[in-house]
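# Commentary on secondary and tertiary structure
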Amino acid sequence: MDRWGTLDLKVQAYERVETGVKLNEVNVITDPASDDPQSILMGGGRIRKRRNIQGYATKAEYDSLETDMLACVVKTVTFGDGFNMSAVISALSGSRNQGSDLVWYSASFLEV
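Please read all numbers here as calculations on a predicted model, not as lab measurements.

Moving on to the overall build of the protein chain. Looking only at helices and strands, the protein chain features one helix and nine strands. Reading the secondary structure of the protein chain in the N-to-C direction produces β-β-β-β-β-β-α-β-β-β. Since a compact globule built from 112 residues should have a radius of gyration of about 13 Å, the 21 Å found for the protein chain marks it as more spread out than a globular shape. Counting only C-alpha atoms and orienting by the principal axes, one finds that the protein chain spans roughly 75 × 25 × 25 Å. Counting across all 112 residues of the protein chain, residues that qualify as buried make up 29%. Put simply, 63% of the contacts in the protein chain that link residues at least 6 apart link residues at least 24 apart. Positive and negative side-chain charges in the protein chain, numbering 12 and 15 respectively, have mean positions lying 8 Å apart.

Written out as structure tokens, the structure is:
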């Protein structure tokens, strides 16, 4: 079950954006006689989790997503593959055919 807070999401496709650890390699004063590495790793923490989806919603559901995005509302987003996080909607775009109540959209969720 895919959910944004209490709103059921009708997801057609997921994109799991790579999440990693932010590391920087810093050179140290070198010792020409040493075989040891001449740098140190500085950890900067992990990168925020992200999830991009494509799906569809009714106009009212899409309007609700848009309102939450513009207000930077934090909710728990849960996906059927077991992935979940507290997030905001960082990007949302959709299109609706005239005479239809369905909106086909793309959304990006960013961990907070």
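Glancing now at a nonpolar patch on the surface. Side chains of V26, V28, I40 and M42 sit close together on the surface and give an oily, nonpolar patch of about 290 Å² of accessible area. Examined against the element boundaries, V26 turns out to sit in strand β4 (residues 21–27). V26 gets classed as partly exposed once you look at its relative accessible area, which sits at 35%.

What follows concerns the nonpolar core. Within the largest apolar cluster, 20 residues are counted, with the highest numbers of intra-cluster contacts made by L9, Y105 and F109. Of all elements in the fold, only β6 (50–58), α1 (59–70), β8 (84–96) and β9 (102–111) reach the threshold of two or more residues within this core. The residues touching L9, leaving out its near neighbours within four places in the chain, are D2, R3, W4, I53, L65, V77, F79, Y105 and F109.

We now examine the packing of aromatic side chains. Applying the stated rule across the entire model yields six aromatic pairs. Consider the rings of W4 and F109, whose centres lie 5.3 Å apart with planes at 40 degrees: the pair is tilted. With W4 in strand β1 (residues 3–4) and F109 in strand β9, this residue pair connects regions lying 105 residues apart in the sequence. The same class applies to W4 and to F109, which are both buried. Ring geometry for Y14 against F79: centres 5.4 Å apart, planes inclined by 90 degrees, an arrangement best described as edge-to-face. In this pair, Y14 sits in strand β3 (residues 10–16) while F79 sits in the loop between β7 (75–78) and β8, placing the two residues 65 residues apart along the sequence. Taken together, the aromatic side chains of W4, Y14, F79, F83 and F109 make up a single cluster linked through ring pairs. Note that R51 overlies the ring of F79, its terminal NZ or CZ placed 4.7 Å from the centroid.

Parameters and conventions
Residues numbered from 1 in each chain as written. Predicted model: local features only at pLDDT ≥ 70, side-chain atom pairs only at ≥ 80, totals over all residues. Heavy atoms only, no water. Helix = DSSP H or I, 4+ residues; strand = E, 2+ residues; numbered from the N terminus. Rg over C-alpha atoms; globule rule 2.2 N^0.38 Å. Buried < 20%, exposed > 50% of the residue type's maximum accessible area, 1.4 Å probe, protein only. Contact = heavy atoms within 4.5 Å. Lys, Arg positive; Asp, Glu negative; His and termini not counted. Charge placed at Lys NZ, Arg CZ, Asp CG, Glu CD. Patch = residues over 30% accessible without salt bridge, like charges linked within 9 Å, V, L, I, M, F, W, Y side chains within 5 Å. Areas by Shrake-Rupley, 256 points an atom, 1.4 Å probe, with all protein chains shown as cover. Salt bridge = Lys/Arg side-chain N within 4 Å of Asp/Glu carboxyl O. Core = buried A, V, L, I, M, F, W, Y, C linked by side-chain atoms within 4.5 Å. Phe/Tyr/Trp six-rings, centres within 6.5 Å; stacked < 30°, edge-to-face > 60°. Lys NZ or Arg CZ within 6 Å of the ring centre and 35° of its normal.

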